[in-house]
Amino acid sequence: MPNLSRKFLTLYLLSLALYQCANIGNPEGGPRDTSAPIIDTAESTRNLQRNFNPVTAEQEIIIKFNEWVKIEDAFKQVVTSPPLIYAPKIELKGKGVVIKFDPREVLKANTTYTINFGKAIKDITENNAVRNLRFVFSTGDIIDTAFIAGKIQDAITGEFKEDQLIMLYESDADTLVYKQRPVYFSRSDANGNFIIENIKDTTYKIFALEDANSNYLYDQDKEKIAFLDRRVKPGEDSTSLLLRYYTSFVKPRLLGYNTETAGLVKLQVNFPQQDLVLNVDNPQINLFTMSLLDTLMVYYTPDSLRDWPLEINYLANPVDTVLVSKIRRPTIDSFKLVQPRSPSIEIAPAYPLELTFNHPVGLIDTSKILFIDDTTGHSTMYKFDTSIHRHIITFSCSCTEQQTYTLTLLPGAIQNFKGIGTDTLKLKIRGLNSLTAGTLVIEVDNLDSLQQYIITLKQDDREVQISRTEGSVRFLKTYTFLNPSAYTLQIVEDANRNGRWNGGEYSIKTLPEKILLKKNISVRSNWELREQITWIK
């Protein structure tokens, strides 16, 4: 019996050892594998063959690697150009893949074919994809050697992003990017550079896409897109071929709405709120709007009306209709000041204080506003402005440094769209001490004198000051009394002169307006900082 037990134990240990040797997986311990599989050229079908027709020769294309691989989402990822009528079969075989063409396929004579694998081939342990894997062959004597190279960057930040899809189309049809996969494609590297090789020497439409669902189609709003309003050709200077990608929308849509509060409709759309146009058929209804993050707050009077249609339009194009019904709350929140929260504020002469309310502002009764110098007890000059946002009042004054003032808003001084005022509000305001503030001198050159530019200084998300310039190649401005902090300068080439940056829109062939951001401008106390910026052409 002991000998029999030893035999079983020996067999068990041997089986376990064989299983562990045969099991393909991650070895325990050691650094994580970040390297993609490497092609074993000696064991693979030779690339870049001429007079090669795998259909008529009934020949498989074999690509071997130095490690075990897997195929993921081959139907979407593997694209052959020019496109085939029948999808080739792609299978695993050992440490490689085998491509079998459908015998019914008729390849064109004297044509260069490229099989692009996208990110379909990965190692089995860490999912490291083989990047820009292509198998190229020609059915004739010549392999196309033309190429198109360029650069892609974020239209707003100017930052480069790796792995953006660059696509070429031969046709001029406007619907291509929505419905057809590209004839040729490549992906950008970490520096935003791209090159598409072995293409036919002709002109193309070019697109870049942040292909979120990896289907080579522009079919999701969250996918950033870039395009040029002209065709491109091989041999162009790569430094002049710049694609600027931006977030747009495939089709204008109403994303959501809420009508549960009497007097208020909340709307969310997938296009800029500034382009949202509202229509109502009932002349008794008055609309008052304000933006709250990604939601447009639409207040209406009289709030007793029910079951009336609110038409949603993207500019002049109908998008949807909301039936204002299902009222569950009988009234909106009470009118109040929401910013600033602190009753004591420092203010600089050139930078107004923003008073933000939770409703669109209606009437301002200046007879109920007091602005008193605390030292003299006398009234002091001030200015209110509501021209930028319906729910924000900008307050400015020529406040003396370190001097304190009291701003009192009596009941009814500030009224909302329904004529309802706030309770009494009191704010203590102190003139900013110049010794604790900094100065920033901005010079921008290389501007186009025929264009209008909007220059905005920002602190976090707050717009500190907005300037406009045109008719000059140079902009010079000194910003004084700045709180010590990091600032961002935003420069927009306002091509359509609507006072804001406009992203592109492929459906109407509009490119994004040029924009430049200078970030992390560090302003220090009692110090003058000079920044020279060259505008992008």
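Located above this text is the structure these notes cover.
Quick caveat: nothing in here was measured; it's all calculated off a predicted structure. (Residues numbered from 1 in each chain as written. Predicted model: local features only at pLDDT ≥ 70, side-chain atom pairs only at ≥ 80, totals over all residues. Heavy atoms only, no water.)

Attention now moves to the side chain of N198. Residue placement: N198 occurs in strand β12 (residues 193-199). In this structure N198 comes out as buried when scored by relative accessible area, which is 11%. Within polar-contact distance, the side chain of N198 engages the side chain of R134 at 2.6 Å. What N198 contacts, discounting residues up to four positions off in sequence, is L48, T112, T114, R134, V136, I143, D144, T145, A146 and Y184. (Helix = DSSP H or I, 4+ residues; strand = E, 2+ residues; numbered from the N terminus. Buried < 20%, exposed > 50% of the residue type's maximum accessible area, 1.4 Å probe, protein only. Polar contact = N/O pair within 3.5 Å; in protein donor to acceptor, adjacent residues only side chain to side chain. Contact = heavy atoms within 4.5 Å.)

Attention shifts here to the sheet that holds strand β33 (residues 438-445). As summarised here, the arrangement of the three strands in space is β36-β33-β39, forming an open sheet in which the pairing is mixed. The sheet terminates laterally at β36 (474-482) and β39 (528-534), the two strands that pair on one side only. Averaged over neighbouring strand pairs, the angle between their axes works out to 15° when direction is ignored. Pairing of β33 with β36 involves seven bridges; the strand directions are antiparallel. (Pairing = 2+ DSSP bridges. Axes fitted to C-alpha atoms, helices over the stretch in contact; angles between N-to-C directions.)

Moving on, we come to the packing of aromatic side chains. A full pass over the atoms with the stated rule returns 25 aromatic pairs. Taking 4.9 Å as the distance between ring centres and 65° as the angle between the ring planes, the aromatic pair formed by F185 and Y216 counts as edge-to-face. Of the two residues, F185 sits in strand β11 (residues 184-187) while Y216 sits in the loop between β13 (205-209) and β14 (224-227), which places them 31 residues apart along the sequence. Judged by relative accessible area, which is 7%, F185 ranks as buried. Each member of the aromatic cluster is reached from another via a ring pair, and the members are Y169, Y178, F207, Y218, F227 and Y506. Above the face of the W527 ring, R524 is positioned so that its terminal group lies 4.7 Å from the ring centre. (Phe/Tyr/Trp six-rings, centres within 6.5 Å; stacked < 30°, edge-to-face > 60°. Lys NZ or Arg CZ within 6 Å of the ring centre and 35° of its normal.)

Here we take up the pattern of salt bridges. Tallying each qualifying case throughout the model produces 25 salt bridges. For D102, the salt bridge identified is with R104, shortest N-O distance 2.9 Å. You can call R104 exposed: its relative accessible area is 53%. Linking R530 and E528 is a salt bridge whose minimum nitrogen-to-oxygen distance equals 3.5 Å. Taking the relative accessible area as the measure of exposure, R530 reaches 54% and is therefore exposed. Salt bridges sharing partners connect three or more residues here, namely K119, R131, D163 and R187. (Salt bridge = Lys/Arg side-chain N within 4 Å of Asp/Glu carboxyl O.)

Moving on, we come to unusual backbone geometry. The step from T301 to P302 runs through a cis peptide bond, and the omega angle for that step is -10°. Structurally, P302 can be placed in the loop between β20 (295-301) and β21 (308-314). The peptide bond linking Q339 to P340 adopts the cis configuration, its omega dihedral lying at 0°. Within the secondary structure, P340 sits in the loop between β23 (337-339) and β24 (344-347). In the Ramachandran plot, K326 falls in the positive-phi region, its phi being about 55° despite a non-glycine side chain. Structurally, K326 is set in the loop between β22 (317-324) and β23. Since its relative accessible area comes to 65%, K326 is described here as exposed.

Right, let's get into the sheet that holds strand β6 (residues 112-116). Ordered by their spatial adjacency, three strands build an open sheet running β3-β6-β8, and the pairing between neighbours is antiparallel. Each edge of the open sheet carries a strand with a single partner, namely β3 (79-81) and β8 (134-138). On average, adjacent strands in this sheet sit at an angle of 15° to one another, irrespective of strand direction. When β6 meets β8, the two strands line up antiparallel, connected through five bridges. Paired with Y113 across the strands is F137, a residue of β8.

It is worth spelling out the state of the cysteines at this point. Across all of its chains, the model carries one disulfide by this definition. Note on cysteine connectivity: C397 is disulfide-linked to C399, with sulfurs 1.9 Å apart. Looking down the S-S bond of the C397 and C399 bridge, the torsion is -90°, so its handedness is left-handed. The exposure class of C399 is buried, given its relative accessible area of 7%. (Disulfide = S-S within 2.5 Å.)

Worth remembering: the numbers are spatial, not functional.
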